[in-house]
Amino acid sequence: MANFHSRSNSFPSQSHPITESVEAHLCRLRDSETTSVCANLAILRNLHEGINDLIQMPSIQQTLSHESRINELLEGSLKLVDLCALSREIVSLTKESVQDLESSIRRNKAEAATSSDVSSYVASRKQITKMVNKSLKNLKSFNHKSTTDNDLLTMLKEAESQDLSVLKSVLILLSGENERSNQSSWSLLSKFTTQNSRVCSESGAEDLSSLNIQKSTKNTDCKSMLKKLKSSEMIIQELEEGLEALFRSLVKNRVSLLNVLSH
């Protein structure tokens, strides 16, 4: 666990329960290379609950109210809220397209999906891919590095960095890609996937690669496809719930920061 050596007088000591909780969650995220994306979303939610408790402390509010970089924190929090909202939208679109294809297969008594339904599904996956690619490209301009010796800001900026990392993992997971991918059309995604082992199926984490099917369903075992889609839907549902909880926590933290600024 990283130690914060140069502390401001208003920053709670490491023995303070809230500080210990926040740093414990940050430590878990630093060491979460083989942890599932959904598990990391849960850790983030708990992290932000602790951060919100920290912000409610009078000494912390006093520090933040005199901090010249609070606008930077507010800007970062807004970007994270927007990124989380976009991730939720992509999850919702993915869930809808999977359920539509499942319904098509069931209507045909698990023998086959109609070509129009498969084409609609593939078109939806392409749209999701574009959304993911655009989001990942925009993340490059996200400044989450801390260059301050203020312990509170260092902690908040590290939390921001972990938010960004986990949400990036969510996007890559939803793309259906993994570390082994070598498709040129997914080069940007592959680059990010290589840098982030959280989405690698070999690590024991989630795998949504079965979402990327071809237009042709000839010689396809639709019962097997239905089983894989159902398995993917369960992961998607867990992602949806995790992102919803994280979104509420991010909004709550942003409101707390705005309240500090307004007083």
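Residues numbered from 1 in each chain as written. Predicted model: local features only at pLDDT ≥ 70, side-chain atom pairs only at ≥ 80, totals over all residues. Heavy atoms only, no water.

Please clarify how the overall build of the protein should be interpreted in this entry.
Scanning the protein for helices and strands turns up 8 helices and 0 strands. Secondary structure of the protein in N-to-C order comes out as α-α-α-α-α-α-α-α. Counting the 263 residues in the protein, one finds 49% classified as buried. Taking as baseline every contact in the protein between residues at least 6 positions apart, the subset at least 24 positions apart corresponds to 78%. Of the roughly 13,000 Å² of accessible surface on the protein, a fraction of 48% belongs to carbon and sulfur atoms. (Helix = DSSP H or I, 4+ residues; strand = E, 2+ residues; numbered from the N terminus. Buried < 20%, exposed > 50% of the residue type's maximum accessible area, 1.4 Å probe, protein only. Contact = heavy atoms within 4.5 Å. Areas by Shrake-Rupley, 256 points an atom, 1.4 Å probe, with all protein chains shown as cover.)

Help me out: how do you make sense of the packing of aromatic side chains in this one?
Centre-to-centre distance and the angle between the planes together describe a pair of aromatic rings. Overall, the coordinates contain 0 aromatic pairs when judged by the stated rule. Note that R88 overlies the ring of F247, its terminal NZ or CZ placed 4.3 Å from the centroid. (Phe/Tyr/Trp six-rings, centres within 6.5 Å; stacked < 30°, edge-to-face > 60°. Lys NZ or Arg CZ within 6 Å of the ring centre and 35° of its normal.)

Quick question: what am I supposed to make of the side chain of S87 here?
Residue placement: S87 occurs in helix α4 (residues 70-107). For S87, a relative accessible area of 0% puts it in the buried group. In contact with S87, not counting residues within four places along its chain, are L167, V170, L171, L174 and L243.

Would you mind showing me how to read the packing of helix α1 (residues 17-30) against helix α6 (residues 151-175) here?
Helices that pack against each other are described as a pair by the angle of their axes relative to one another and the distance between those axes. Where α1 contacts α6, the two axes come as close as 11 Å, and the packing angle between them is 35 degrees. As α1 packs across α6, the resulting crossing turns out to be left-handed. From α1, T19, V22, E23, L26, L29 and R30 reach across to α6, where they touch M155, E158, A159, Q162 and V166. (Axes fitted to C-alpha atoms, helices over the stretch in contact; angles between N-to-C directions. Left-handed = near helix turned anticlockwise from the far one by under 90°.)

Quick question: what am I supposed to make of the packing of α4 against helix α5 (residues 115-138) here?
The geometry of α4 relative to α5 is characterised by a closest axis approach of 10 Å and an angle of 165 degrees between their N-to-C directions. Classified by the interaxial angle, the pair formed by α4 and α5 is roughly antiparallel. Here α4 runs over α5; the crossing is left-handed. Between α4 and α5, the residues in contact are L86, E89, I90, L93, T94, S97, V98, L101, S104 and R107 and D117, V118, Y121, S124, R125, I128, M131, V132 and S135, respectively. (Parallel < 35°, antiparallel > 145°, perpendicular 65-115°, else oblique.)

How should I be thinking about the pattern of salt bridges in this particular structure?
Side chains that differ in sign of charge can pair as their charged atoms come close. The final tally for this structure, using the stated rule, is 10 salt bridges. Residue K230 pairs with E233 through a salt bridge whose shortest N-O separation is 3.5 Å. With a gap of 3 residues between them, K230 and E233 both fall in helix α8 (residues 222-262), about one helical turn apart. For K230, a relative accessible area of 40% gives the class partly exposed. Judged by its relative accessible area of 11%, E233 is buried. (Salt bridge = Lys/Arg side-chain N within 4 Å of Asp/Glu carboxyl O.)

Is there a simple way to explain the side chain of K95 in this structure?
Here K95 is to be found in helix α4. Beyond its immediate chain neighbours, meaning those up to four positions away, K95 contacts I236, Q237 and E240.

Is there a simple way to explain the environment of L101 in this structure?
Following the sequence through the fold, L101 ends up in helix α4. Spatially, the C-alpha atom of L101 lies 9.1 Å from that of T114, the residues being 13 residues apart in sequence.

I'm lost on the nonpolar core in this one. Help?
Within soluble globular proteins, side chains that are nonpolar tend to cluster in buried spots. Ranked by internal contacts, the top residues of the largest apolar core, which has 65 residues, are L47, L64, L101, L208 and L239. When contributions to this core are tallied by element, the ones reaching two or more residues are α1, α2 (37-55), α3 (58-65), α4, α5, α6 and α8. Once residues within four sequence positions are removed from consideration, L47 is found in contact with V22, H25, L26, L29 and A159. (Core = buried A, V, L, I, M, F, W, Y, C linked by side-chain atoms within 4.5 Å.)

In this structure, what is going on with the confidence of the model for the protein? I would like to understand it.
Close inspection of predicted coordinates is inappropriate for parts of the model with low pLDDT. Of all residues in the protein, 77% attain a pLDDT of 70 or more, and the chain-wide mean is 80. Within the protein, helix α7 (residues 187-195) has the poorest average pLDDT of any element, 40, and α2 the best, 95. Low confidence marks residues 1-9, where pLDDT is under 50. Its contacts with residues over four positions away, or in another chain, come to 20 contacts. (pLDDT = per-residue confidence, 0-100.)

Mind showing me how you'd approach the environment of T114 here?
Relative to the assigned elements, T114 resides in the loop between α4 and α5. The exposure class assigned to T114 is partly exposed, which follows from its relative accessible area of 31%. Once you skip the residues sitting within four places of it in the chain, T114 turns out to touch S104 and N108.

Is there a simple way to think about the environment of Q56 in this case?
Its place among the elements puts Q56 in the loop between α2 and α3. Sequence-wise, Q56 and N259 are 203 residues apart; in three dimensions their C-alpha atoms are separated by 9.9 Å.

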